[in-house]
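Listed below are the residues making up each chain.
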There are 2 protein chains.
Amino acid sequence: VEVVYEYGAVPALLFEQPPLPGLSRWAPLLPPVDPRLSLGEGGTALVDAPSIAADLGVDRVCLKNESANPTWSHKDRFNFVVVSAAVREGAPGVVLATSGNHGISAAAYAARAGLKCVVLIRDTTPAAVKAAMLAHGATVVVVPWAKRLSLMGELRDKLGYHPISNCDPQVVVGHSFGPEGYKTIAYELFLQLDRRPPSVVYVPTGIGELLFGVAKGFAELKQLGLTATVPRLVACEPAARAPLTQAVATGTLSARVADAPTDAHSIGVLMNSARGAIALRQTNGWTAPVTDDALRRARQRMARAGVWAELSAAAAVAGLEHDLARDRRADGTVVCLVTSSGFKDGAGDLAVPRAQDWESLSAALQARGHVLP
Amino acid sequence: VEVVYEYGAVPALLFEQPPLPGLSRWAPLLPPVDPRLSLGEGGTALVDAPSIAADLGVDRVCLKNESANPTWSHKDRFNFVVVSAAVREGAPGVVLATSGNHGISAAAYAARAGLKCVVLIRDTTPAAVKAAMLAHGATVVVVPWAKRLSLMGELRDKLGYHPISNCDPQVVVGHSFGPEGYKTIAYELFLQLDRRPPSVVYVPTGIGELLFGVAKGFAELKQLGLTATVPRLVACEPAARAPLTQAVATGTLSARVADAPTDAHSIGVLMNSARGAIALRQTNGWTAPVTDDALRRARQRMARAGVWAELSAAAAVAGLEHDLARDRRADGTVVCLVTSSGFKDGAGDLAVPRAQDWESLSAALQARGHVLP
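Below you will find a few notes about this structure. Treat the numbers as computed from the prediction; the structure is a model and nothing was measured.

Enumeration over the complete set of coordinates arrives at 17 aromatic pairs over all chains. Note on Phe 343 of chain A and Phe 343 of chain B: the rings are 5.9 Å apart at their centroids and 10 degrees apart in plane angle, and the pair reads as stacked. In this pair, Phe 343 of chain A is assigned in the loop between β10 (333-338) and α13 (358-367) and Phe 343 of chain B in the loop between β10 (333-338) and α13 (358-367), connecting two distinct chains. Using a relative accessible area of 3% as the deciding quantity, one classes Phe 343 of chain A as buried.

Structure (structure tokens):
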């Protein structure tokens, strides 16, 4: 399903407004949304990262900080639109299978809409993520991951719950309206960069729906005559499982790869959505497979610039580093999407030093690089 | 120290701009700030909460969602301004003692500024909070809480680190410039409510510096001739330790109370800052002491409206409930500040059901209120 609009009927002043939070402002270019469901999603800051630009030797790197959304990930753009659709269809609830962020966000919007929400998870889901879903009143159930699609199908068929993640065992594709929410990232970037699209946008990529949404947003800006060019998009996948890289290499739209371990829980998938491959073709983009070590380095680099990301959300900066190491460099402004907060990974209890007095405190400081008199 | 400005010299169009993220936009009414340190703080959404308004029987309740800041709390407004001051003074680092949010935020801004950051904590600090501070490269040390002020003094005197939380053993007062950051909340509320101040603002209150900042922001709007009225402010303190309530009752500016347990770690203090009491006097405000049980109820109510708050950050909604239970009600729009994210409390591992197949899943759903055919 592809969603199109009567672009000639879009209000002339739609793109004269400031990119404030609240996606209802983009309603003329969205499926029917219920403004009462809005949590003030979107309108996230574009954070200049001069330390990253200097370290990597590029002109300008900006971080689009999606961790400043209502449930601290980009998924809020998706769920505002998709839960609106569930309400409109009269569904009594929504159901999804998720690694984390999507579930927290869906639980929040479903709660606001007064809908039931069933979230199917793996038993590896961090406690912090479960706590967030449960706080919003979702029913959270650990299921065998291989059975998640059929169980979602039962909830759809028997209870009439609206599925808001893929439940088709043959084809990987998200909810048709999801990328409609994501595309507002492109609108905001256009306005935040003084009505000039960036040269390249690096995108943390799982099945590729975010990639597709961002590409669509820029394509619409071009169609509306607001820009002559669109940025090239880079799909940043875990190297351990990189179906889109595989699809590009083999000239197909969708590929399946073997399971292999990665700590990038939110983007480690075995099969990509064809829409991700279409987005790369449309924008003349490419993929950047990144190792877990590269993700950890990128996350640290970002934290030193002031933005603490979920490991998966560091994929864009890791992808930029990956390209630069191969002499693939862009002029002008490069944007890296930061999809989610560092809190989402959960935290083991980290050891920190203890001090009883100035002697023990100063020793601890000295051991950590502080200069004492 | 009180900070004043040449109000006659404020640019006429300052309050004609949209309340986007990035506090540098308010520079004419701030101490000298370094725009390069900005992480896109502020510009947070004002979220209508019709379910809370209906439950409580008031006209309109709006949540000012400070958990959508760069480090997911209101403290980012504080630290943008205060770390700018540390840089300007040429300090090699900053030092603070904190229950959590302030430390994460300070660590992020110090990292961005290239300053050392020492955070003194208690051993009860949640693992997630420590993880965030450490990610930004802060030196985190557990110290005996009674010694924190003297140890901060040593770091100030011996290493020249700029103290950014109170280190005066006699008087409780934060950094002079901190409330200058907080006051931008008032500016944004004014613009978000179509240039009309709300009737009442409920404020989660520890020592009272946020309260003072918000009061100052509205007072400045009045001084600039932008509004004729200012809202009444309500200081929402843990009932177990409510020094400001005590100060008001005894007609003093600052009171000390006995230690007593509360789970509201971020606002449970034994002594208030006189500035908090001044803010209440200036706005004809009052205090609302709230129990931990009331905080938990308020947090759940907020989560069902789509906003998952730290327990301490639920104090404003709990304060509103406290007042309504005593027939103290305001007409018009009531604003509740939500200072921080639910992730900040940390999470024990919550038990969720497991299901192997449709039979066990449907049983789990039925037990949780889902209607099965």
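Text resumes after the structure shown.
In this section: the pattern of salt bridges. Oppositely charged side chains may form a pair once their charged atoms are brought near each other. One pass over the structure, following the stated rule, counts 40 salt bridges over all chains. A salt bridge links Asp 34 of chain B to Arg 36 of chain B; the nearest nitrogen and oxygen atoms lie 2.9 Å apart. According to the relative accessible area criterion, Asp 34 of chain B is buried, its value standing at 15%. For Glu 209 of chain B, the salt bridge goes to Arg 275 of chain B, with nearest N and O atoms at 2.3 Å. Residue Glu 209 of chain B is found in helix α8 (residues 209-223), and its partner Arg 275 of chain B is found in helix α10 (residues 274-283); the two are separated by 66 residues along the sequence. Comparing Glu 209 of chain B with Arg 275 of chain B shows no difference in burial state: the two are buried. Salt bridges sharing common partners tie together Glu 2, Glu 180, Lys 183, Lys 216 and Glu 220 of chain A.

Looking now at the pairing of strand β2 (residues 60-65) of chain B. All names here are of chain B. In terms of burial, β2 is a largely internal element, 5 of the 6 residues being buried. Of the strand pairs in this sheet, strand β1 (residues 46-48) and β2 are connected by 3 bridges, and their pairing is antiparallel. In the strand pairing of β2, Val 47 is matched with Leu 63. Examined bridge by bridge, β2 and β10 share 6 bridges and lie parallel to one another. Within β10, the residue paired with Asn 65 across the bridge is Val 338.

Below, the discussion takes up the relation of the copies chain A and chain B. The operation relating the two chain copies consists of a rotation about an axis and a shift along that axis. With an RMSD of 0.0 Å, chain A superimposes on chain B once it is rotated by 180 degrees and translated 0.0 Å along the axis. Within this description, the copies of the chain are treated as partners about a two-fold rotation axis. Nearest to the rotation axis, the C-alpha of Ala 68 of chain A is located 2.2 Å from it, this being the minimum over chain A. Comparing contact sets, 100% of the residues at the interface of chain A also lie at the interface in chain B, consistent with an isologous, same-surface contact.

Residue and element names in this part refer to chain B. Within α10 the residues assigned to the buried category are Arg 275, Gly 276, Ala 277, Ala 279, Leu 280 and Thr 283. Where α10 is buried, its residues contact α6 (178-182), α8, β8 (232-238), α9 (243-250) and β9 (286-290). One or two residues past the end of α10 sits Asn 284, with phi positive at roughly 55 degrees.

Rules and cut-offs
Residues numbered from 1 in each chain as written. Chains lettered and ligands numbered in written order. Predicted model: local features only at pLDDT ≥ 70, side-chain atom pairs only at ≥ 80, totals over all residues. Heavy atoms only, no water. Phe/Tyr/Trp six-rings, centres within 6.5 Å; stacked < 30°, edge-to-face > 60°. Helix = DSSP H or I, 4+ residues; strand = E, 2+ residues; numbered from the N terminus. Buried < 20%, exposed > 50% of the residue type's maximum accessible area, 1.4 Å probe, protein only. Salt bridge = Lys/Arg side-chain N within 4 Å of Asp/Glu carboxyl O. Pairing = 2+ DSSP bridges. Least-squares fit on C-alpha atoms with pLDDT ≥ 70 in both. Contact = heavy atoms within 4.5 Å.

Limitation: the analysis is restricted to geometry and does not speak to function.
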